[in-house]
There are 2 protein chains.
Amino acid sequence: MTQEEEVVLLDYWPSPFGTMARIALVEKGVNYIHKFEDLSNKSPLLLEMNRVHHKIPVLVHKGKSICESNIIIQYIDEIWKNNFPLLPSEPYQRAKARFLVDFINKKVHGSSVKVWMGQNEEQENGKKELLAWSKFLEEELGDKLYFGGDVFGFVDIVLVPFYNWFIVFKTFANFNTIEIEFPKLVMWGERCLKRDLVSKSLPTSDQVYQAYLEFKKGWSHG
Amino acid sequence: MTQEEEVVLLDYWPSPFGTMARIALVEKGVNYIHKFEDLSNKSPLLLEMNRVHHKIPVLVHKGKSICESNIIIQYIDEIWKNNFPLLPSEPYQRAKARFLVDFINKKVHGSSVKVWMGQNEEQENGKKELLAWSKFLEEELGDKLYFGGDVFGFVDIVLVPFYNWFIVFKTFANFNTIEIEFPKLVMWGERCLKRDLVSKSLPTSDQVYQAYLEFKKGWSHG
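As recorded by an unreviewed UniProt entry, chain A carries the name glutathione transferase and is attributed to Solanum pinnatisectum. Per UniProt, chain A carries the Sequence similarities (unreviewed entry) text "Belongs to the GST superfamily." The annotation that UniProt attaches to chain A under Catalytic activity (unreviewed entry) is "RX + glutathione = an S-substituted glutathione + a halide anion + H(+)".

Here you go:
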């Protein structure tokens, strides 16, 4: 790989958004340099490459930066277009995938943060919302293997890091009805976790739990 | 146009997001049926077609719904791909356009709402933020005619409804330094307004101002 072709991912291991970028790169078979950020002391490279938001993940390709996880995944799909398509080819299916990705990033993420960081009533509200979103996603999935049909793709990449969070939620937030209420969603999650490239890209439950403790400490001091 | 091919836009005239969908359709030369919603009494069609968010705009094409303005614009670009491309063809330029659209929808819209609905300190903060975002956009535009280069496109479609709001802000929020500080952005705005298809799609200043009064009344009662 020449320097001109170099692919760098600025990342933070427990981040669901970083995880999405990682999965997209490995599913495409792209060799990349992984740089991990200390979010309490962000690197000058991150501040320069994401001038607006100062957030990971950032993909740096041929010296140019691409920010925001869903935009990074679409870029990866368009650049390495011949290996393993991530978005469907048909416009309505593409629109539907983009809608679900937006829904997951806004709603599932927002409610997960309430369960993750909130206390008492706020945490309970987050759990109720997550059950409602899970119901919607269970219906959207239906009897398909993956959200796009028979093949793992865009929506799966974006949802699986949150599914990985659920597993941790179960242990600390008493969030254990999901398996009974949404069997298709749980089977989908387990199907995704069995993919080598996915499971290697996910933080372990321990790493997620450690990140949870660190954030909780940091936020309560902030 | 057969019923199978029918294109319907569920819309609300003063909405910047509705305006974006309108401009994309007319720039592509698509014939469509315009249905206006009363947002205080949403139609069963809107509730059915946007089950998750219950928001306009919704594009209904061949009986299927597409929601979220930026997803609608990309869908329109992909379906009517031979007339007047809205997104660039090169992946990095596409990623950059998507990033700016996301920035405008989050940051410019968020700060505009503060100027629009906020009072005192909150309104002042909104104005300061809008000046910072305008500076960033002025730099992004540089000496180009439009954000994508020589041709009107995706980013222009998304920003022009907010530019149209600025014009109203000037009259009620004492927001009049933009012309002096950001001459390129203002020249860009006036260039867009001179496009017949754009100006016909925009609400008039009076309509925006009326919507402002109605929202203000509604929100202060809510």
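Peer 1: Whenever I open this one, the sheet that holds strand 4 (residues 64–67) of chain A confuses me. Can you help?
Peer 2: What holds strands together in a sheet is hydrogen bonding between their backbones, with the strands either parallel or antiparallel. All names here are of chain A. Taken together, the four strands give an open sheet; going across it, the order is 2-1-3-4, and neighbouring strands pair in mixed fashion. The two strands at the open ends of the sheet, each matched to only one other strand, are strand 2 (33–36) and strand 4. Put simply, the sheet's adjacent strands are angled 20° from each other on average, direction ignored. Relative to strand 3 (residues 58–61), strand 1 (residues 7–11) is paired through four bridges, and the arrangement is antiparallel. From the neighbouring strand, Leu10 faces strand 3, where its bridge partner is Val58. Packed onto the sheet, helix 1 (residues 16–28) meets strand 1, strand 2 and strand 3 and runs at close to 155° relative to strand 1.

Peer 1: Explain the pattern of salt bridges here, please?
Peer 2: When charged atoms on two side chains of opposite charge get close, those side chains can pair. Summed over all chains, the structure comprises 27 salt bridges over all chains. Taking the shortest distance from any N to any O, the salt bridge between A:Arg51 and B:Glu139 comes out at 3.6 Å. A residue pair is termed interchain when its members come from two chains, as with A:Arg51 in the loop between helix 2 (44–49) and strand 3 and B:Glu139 in helix 5 (residues 120–141). For B:Glu139, a relative accessible area of 43% gives the class partly exposed. The closest approach of N and O atoms between A:Glu129 and A:Lys114, which form a salt bridge, is 2.7 Å. Of this pair, A:Glu129 sits in helix 5 (residues 120–141) while A:Lys114 sits in helix 4 (residues 91–117), and the two are 15 residues apart along the sequence. For A:Glu129, a relative accessible area of 24% translates into the label partly exposed. Each of A:Arg51, B:Lys135 and B:Glu139 takes part in salt bridges that share partners, so that together they form one network.

Peer 1: Would you explain the interface of chain A and chain B in this entry?
Peer 2: Many descriptions give the size of an interface as the accessible area lost when the pieces come together. Each partner contributes to the interface: chain A provides 26 residues, whereas chain B provides 26 residues. Linking chain A to chain B there are eight salt bridges. At the boundary of chain A with chain B, the tally comes to seven residue pairs in polar contact (both at pLDDT 80 or more). Those elements that provide at least two residues to the side of chain A that touches chain B are strand 4, helix 3 (69–79), helix 4 and helix 5 of chain A. Counting residues per element, the side of chain A that touches chain B draws most heavily on helix 4 of chain A, at ten residues. Of the residues that constitute the side of chain A that touches chain B, the class distribution is twelve nonpolar, three polar and eleven charged.

Peer 1: How should the domain arrangement of chain A be read in this particular structure?
Peer 2: All names here are of chain A. Each domain of chain A was delimited in the assignment, giving domain 1 (3–79) and domain 2 (91–221). On a C-alpha basis, the centres of domain 1 and domain 2 stand 21 Å from each other. The interface is formed by 16 residues belonging to domain 1 together with 23 residues belonging to domain 2. Note on domain 1 versus domain 2: buried area summed over both sides is about 1,700 Å², and carbon and sulfur give 69% of it. On the domain 1 side of the interface with domain 2, the three residues burying the most area are Trp13, Ile23 and Glu27, jointly 30% of the side's total. Put simply, domain 1 and domain 2 have one salt bridge between them. Residues Arg195 and Glu27 are paired through a salt bridge, measuring 3.1 Å at the closest nitrogen-oxygen approach.

Calculation criteria
- Residues numbered from 1 in each chain as written.
- Chains lettered and ligands numbered in written order.
- Predicted model: local features only at pLDDT ≥ 70, side-chain atom pairs only at ≥ 80, totals over all residues.
- Heavy atoms only, no water.
- UniProt positions renumbered as here; feature names shortened; annotations may be inferred.
- Pairing = 2+ DSSP bridges.
- Helix = DSSP H or I, 4+ residues; strand = E, 2+ residues; numbered from the N terminus.
- Axes fitted to C-alpha atoms, helices over the stretch in contact; angles between N-to-C directions.
- Contact = heavy atoms within 4.5 Å.
- Salt bridge = Lys/Arg side-chain N within 4 Å of Asp/Glu carboxyl O.
- Buried < 20%, exposed > 50% of the residue type's maximum accessible area, 1.4 Å probe, protein only.
- Polar contact = N/O pair within 3.5 Å; in protein donor to acceptor, adjacent residues only side chain to side chain.
- Nonpolar A, V, L, I, M, F, W, Y, C, P; charged D, E, K, R; others polar.
- Domains from an automatic or database assignment.
- Buried area = accessible area lost by both parts, 1.4 Å probe.

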